[in-house]
Amino acid sequence: MVHSLVSLCAREVVSDHSSSPTWLRWVPRELYGALLEAAFACCRPLAVGELVQRWPERTLRVGGRRKTGQTAPSRLCIQALLLAVVRGLADQSCMNRSVKHWRSALQVLDVCGLQGDEGGMGDPMGGWSLTVALCTMVIQAKAGAHRTQRKEGDRERKRFSALEREKEADWEVLVQVRADIFVNARSWERVRLALSTSGPLKLQCRYLRVEEISVPSIRTLLNLLPRKSLLGIDVRYSSLGVAGLAELLPLLSTFPELNSLRLHYCNLDIRRDNFGQEGVLRDLSQGLSNLQELRQLSLTALRLPGQLRVLLSSLPQSLEVLELPYLSLSPADLAYLSCSHHVSSLLQLDLSENCLDETTVPSIRRLLCQASSSLQHLSLSGCGLTDRLLGMLLPSLGGCWALKSLALALNPLSRAGLCDLMRTAARMPCLRLLLYPNALEDYQPGLPELPSSTQLLEWPLDESVDSNTTSNKLSQVMMDSGRSDLVLTCDLLNFDKDMVD
């Protein structure tokens, strides 16, 4: 990463905290952003705190999408940031409305996307820890405001009645805090308390992610969230059931900007729920029809074979992102999808771990043809694609001229099949990232003739075979085709389609 002159100078300035009393008084407001970025990059929590406590703008955005090579802020720096916000409230004399000139102009703190990976390099703060820290900050700010008001109440007891002092407790929100909120069973009570707290800090949620939370608890959280700020909800490992989801959908429809719904391992299994199934499905379809702005839908391992039409046909807007891994899709599901009103608008499609065969390949070919001008990211990993099946799909894949990333991991392909794939990929002008499976020849003997994705994942590779043989062959095919800008990888765990965006 090449740093600008301003960035290099900012790093030098924040490196010596003992000099901060000298330069803080003279820093123009235009340089606060560069100095704060340098303080985060160099892990200078004291500098972070002093800059935030004197922040000259109404809005402070920390987080968002990081540049290549840029790490998430350290835990110490994030803690310093949050502590400085609370101290800044004290500098604003908290609830003393007679003070007109505040040291901090901060009114909106946006930390959406600030979370890093738990245990990652540089000790970043993950989404769960960051949520608890934000909620603690909101609660502490309320407690600090209470203490300040009690002191003022003692001085003015003769001037105000008890009723008037109670009226003063209708807190003025000084700083809106926008964040992505992560909630599990351990943090649920803390989050609930912070969202229901009325004080100088107001917590708003952009994306809500919940894990192992019951339907009533999810409903409680949704009722506490401001209606205009929620863009997406991600529910994981919660036993919603079809009836539970149908119960939540009317509440989700009250969020006018909600555009993303993700459900992962939520115990939606139509095959095990026969009594009253048709009525519940109608409720589910009706609930989805009221999500007016939904553009991203992710359903993982919900076991709803034959029900894709029910789920998707009622959506008022064409989807841009559709993820359906481990969904046990039937031939009828894939036939519907290939002709649905969503297919020509799709930017991203994930059909991983849905078994494909000769009866479903025509639907996939038709789908790829309809989505050829829009589709940018496609995953068909673990779909049982053999050399023969892939050969039937290659002409349609080659016609997806907008495709940027293609994932085909855990499919039983030989080196010859992979070379055919590489020749097609090299002719796709926008393709920049290809995740390919280990060739069948790379495995130890004994692998079944048509191995499943689980067997391909767990079966040991043959150490007597040069591990670079397959990658070298594919790289040679790519070079012979005149391409040098296409990244090839068989590393499923570290594959990230966002590398090309």
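All values derive from a computational prediction rather than experimental measurement.

Rules of the game
- Residues numbered from 1 in each chain as written.
- Predicted model: local features only at pLDDT ≥ 70, side-chain atom pairs only at ≥ 80, totals over all residues.
- Heavy atoms only, no water.
- Axes fitted to C-alpha atoms, helices over the stretch in contact; angles between N-to-C directions.
- Helix = DSSP H or I, 4+ residues; strand = E, 2+ residues; numbered from the N terminus.
- Parallel < 35°, antiparallel > 145°, perpendicular 65-115°, else oblique.
- Contact = heavy atoms within 4.5 Å.
- Nonpolar A, V, L, I, M, F, W, Y, C, P; charged D, E, K, R; others polar.
- Phe/Tyr/Trp six-rings, centres within 6.5 Å; stacked < 30°, edge-to-face > 60°.
- Buried < 20%, exposed > 50% of the residue type's maximum accessible area, 1.4 Å probe, protein only.
- Lys NZ or Arg CZ within 6 Å of the ring centre and 35° of its normal.
- Right-handed = clockwise from strand over helix to strand, strands pointing away.
- Pairing = 2+ DSSP bridges.
- Salt bridge = Lys/Arg side-chain N within 4 Å of Asp/Glu carboxyl O.
- 1 Å grid on protein atoms, 1.4 Å probe; cavity = no way out; pocket = protein on both sides within 12 Å on 5 of 7 lines; lining within 4 Å.
- Points joined across faces, edges and corners; volume = space filled by probe spheres on them.

> Residues and numbers for the packing of helix α9 (residues 215-224) against helix α10 (residues 241-252), please.
For the pair α9 and α10, interaxial distance at closest approach is 11 Å and the crossing angle is 5 degrees. Here α9 lies roughly parallel to α10, going by the angle between them. For the pair α9 and α10, contact is made by Val215, Ile218, Arg219, Leu222 and Asn223 and by Gly244, Glu247, Leu248, Leu251 and Leu252, respectively. Residue composition of the contact of α9 with α10, by class: six nonpolar, two polar and two charged.

> Which residues make up the packing of aromatic side chains, and what are the values?
Scanning all chains against the criterion turns up three aromatic pairs. With centroids separated by 5.9 Å and ring planes inclined at 90 degrees, the aromatic side chains of Tyr32 and Trp55 adopt a geometry described as edge-to-face. A residue pair is termed long-range when its members are at least 10 positions apart, and Tyr32 in helix α3 (residues 32-41) and Trp55 in the loop between α4 (45-53) and β1 (59-61) qualify at 23 residues. Like Trp55, Tyr32 is buried. Between Trp128 and Phe182 the ring centres are 5.3 Å apart and the planes differ by 80 degrees, which places this aromatic pair in the edge-to-face class. Taken together, the residues span a long stretch of sequence, with Trp128 in helix α6 (residues 127-155) and Phe182 in strand β3 (residues 175-183) at a distance of 54 residues. Sitting over the face of the ring of Phe255, Arg227 holds its NZ or CZ atom 4.4 Å from the ring centroid.

> Run through the pairing of strand β6 (residues 260-264), naming residues and quoting values.
With four of five residues buried, β6 is to be regarded as a mostly interior element. Handedness of the crossover joining strand β5 (residues 232-236) and β6 through α10: right-handed. Both β6 and strand β7 (residues 296-300) contribute to a ladder of five bridges, which runs parallel. Across the sheet, residue Leu263 finds its bridge partner in β7, namely Leu299.

> Requested: an account of unusual backbone geometry, with residues and values cited.
Glycine aside, the phi torsion of most residues is negative, and most peptide linkages are trans. Look at Glu212: it is not a glycine, yet its phi comes out positive at around 55 degrees. Examined against the element boundaries, Glu212 turns out to sit in the loop between β4 (201-211) and α9. The phi dihedral of Ala301 falls on the positive side, at around 55 degrees, and the residue is not glycine. Within the element layout of this structure, Ala301 appears in the loop between β7 and α12 (308-312).

> How would you sum up helix α13 (residues 331-339)? Please name residues and give values.
Buried within α13 are the following residues: Asp333, Leu334, Tyr336, Leu337 and Ser338. In this structure, the buried side of α13 is in contact with α12, β8 (321-323) and α14 (361-370).

> Account for the pattern of salt bridges, with residues named and values stated.
Enumeration over the complete set of coordinates arrives at 15 salt bridges. Its salt-bridge partner being Arg29, residue Glu57 comes within 3.2 Å of it at the nearest N-O pair. Residue Glu57 is found in the loop between α4 and β1, and its partner Arg29 is found in the loop between α2 (20-23) and α3; the two are separated by 28 residues along the sequence. The salt bridge involving Glu320 is made with Arg295; its shortest N-O contact spans 3.2 Å. One end of the pair, Glu320, is in the loop between α12 and β8; the other, Arg295, is in the loop between α11 (277-289) and β7, and 25 residues separate them in sequence. Residue Arg295 is classed as partly exposed on the basis of its relative accessible area, which comes to 27%. Salt bridges here are not isolated pairs; linked through shared partners, they connect Asp234, Arg236, Arg262 and Glu323.

> Summarise empty space enclosed by the protein; cite the residues concerned and give the values.
The final tally for this structure, using the stated rule, is two cavities of 30 Å³ or more. By volume, the largest cavity amounts to about 70 Å³. Secondary-structure elements contributing two or more residues to the lining of the largest cavity are β6, α11 and β7. Put simply, the second largest cavity is a space of about 50 Å³. Around the second largest cavity sit ten residues that line it, and Ala84, Val85, Gly88, Ser104 and Leu106 are the ones nearest its centre. Looking at the lining of the second largest cavity, the elements with two or more residues in it are α4 and α5 (75-91). Among the elements that line the lining of the second largest cavity, the one with the most residues is α5, at four residues. Its residues assigned to classes, the lining of the second largest cavity comprises six nonpolar, four polar and no charged.

Honestly, it's all geometry; don't read function into it.
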